[in-house]
Amino acid sequence: MIAIPLVTILYVLVNISYLLVMSPSEILSSDAMAVSWGNQVLGSWAWLVPLAVALSTFGTVNGAFFSGSRLCYAAAREGHMPQLMSMIHVNRLTPAPALVFTTAAALVLVIPGNFSTFVNLLSFLSWLTSGTTFGCLLYLRIKTKNLPHTYKVPTFIPAVMFLVSLYLVLAPIIDHPQMESLYIFFFLLSGFLVYFLLFHFQCQFKCMQAATRHLQLLLEVAPSTKGH
């Protein structure tokens, strides 16, 4: 109730300051508006802007790294991902396989592609999955309204966020359609095939079981219990 409105107000004030200091042509021609704004307002102290951006980016990546790996860990404990992902280090009690998987996936996505294209496609995928989550929450609120809900939030919040997600997914496609967006959509759908084949119907291959045993020994991990 405090953090989200505070951050929202700060973002709005920053954008207002951009509009007050810079002309529309300067905004359109600038590769980094914060740096251009700093050069005009801060003068010799303009270096503080890229430093602050770097620190903010590092903090965001750090949080996303730990939260993203624990999403894989939690999904594996529910049987939605390979069992190896649900294991933790025997000494440090950290989800080492999930952390390694997250790092490997990030490297695979970053190495071959263009950074701006990667950011746009990742944003498309992120808002598509987020919109699906908000839609599922609204659906469950309607279909199971008499059941106790463990995640308590006013209904208008996921409703508004669902509309925002829908706009952020459809607007780029309508304004500037790209084949890469179609690839991302099919990549997302491929997850259904993997899930039903490997986890819903429990189609386990011997090579996967052998790989799990070897990686378990290599990473020094063991299955976790519900209490840990």
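Just so it is clear, the model here is predicted, and its values are computed rather than measured. (Residues numbered from 1 in each chain as written. Predicted model: local features only at pLDDT ≥ 70, side-chain atom pairs only at ≥ 80, totals over all residues. Heavy atoms only, no water.)

1. Examining helix H6 (residues 115-143)
Then, number 1: Along its 29 residues, H6 runs 42 Å from first to last C-alpha, staying within 8% of the 42 Å computed at 1.5 Å per residue.
Then, number 2: Buried within H6 we find Leu121, Phe124, Leu125, Leu128, Gly131, Leu138 and Arg141. (Helix = DSSP H or I, 4+ residues; strand = E, 2+ residues; numbered from the N terminus. Expected span 1.5 Å × (residues − 1). Buried < 20%, exposed > 50% of the residue type's maximum accessible area, 1.4 Å probe, protein only.)

2. Some thoughts on the layout of surface pockets
Then, number 1: Taken as a whole, the largest pocket holds about 2900 Å³ of empty space.
Then, number 2: Along the wall of the largest pocket there are 49 residues; nearest its centre are Cys72, Leu109, Leu122, Leu125 and Phe187.
Then, number 3: Considering every element that reaches the lining of the largest pocket, the biggest residue donor is H6, with 13 residues.
Then, number 4: Looking at side-chain class alone, the lining of the largest pocket contains 31 nonpolar, 17 polar and one charged residues.
Then, number 5: Counting only domains with at least three residues in the lining of the largest pocket, you end up with domain 1 (77-111 + 179-227) and domain 2 (114-177).
Then, number 6: Size it by volume and the second largest pocket reaches roughly 420 Å³.
Then, number 7: Around the second largest pocket, the lining is made up of 13 residues, and of these Tyr11, Val14, Tyr18, Val53 and Ser56 lie nearest the centre.
Then, number 8: At the level of secondary structure, the elements contributing two or more residues to the lining of the second largest pocket comprise helix H1 (3-21), helix H3 (33-41) and helix H4 (48-77).
Then, number 9: Examining the composition of the lining of the second largest pocket, we find that six residues originate from one element, H1, more than from any other. (1 Å grid on protein atoms, 1.4 Å probe; cavity = no way out; pocket = protein on both sides within 12 Å on 5 of 7 lines; lining within 4 Å. Points joined across faces, edges and corners; volume = space filled by probe spheres on them. Nonpolar A, V, L, I, M, F, W, Y, C, P; charged D, E, K, R; others polar. Domains from an automatic or database assignment.)

3. Things to note about the domain arrangement of the chain
Then, number 1: Its domain assignment divides the chain into domain 1 (77-111 + 179-227) and domain 2 (114-177).
Then, number 2: Using only C-alpha atoms to locate each centre, domain 1 and domain 2 end up separated by 24 Å.
Then, number 3: Taken together, the contact pairs seven residues of domain 1 with six residues of domain 2.
Then, number 4: At the boundary of domain 1 with domain 2, total buried surface from both sides reaches about 730 Å², with 89% on carbon and sulfur atoms.
Then, number 5: Looking at the side of domain 1 facing domain 2, the largest losses of area belong to Ser181, Ile184 and Leu188, adding up to 55% of the total buried there.
Then, number 6: Run the count over domain 1 and domain 2 and you get zero residue pairs in polar contact (both at pLDDT 80 or more).
Then, number 7: Looking at the side of domain 1 that touches domain 2 element by element, the count peaks at five residues for helix H8 (residues 179-200). (Contact = heavy atoms within 4.5 Å. Buried area = accessible area lost by both parts, 1.4 Å probe. Polar contact = N/O pair within 3.5 Å; in protein donor to acceptor, adjacent residues only side chain to side chain.)

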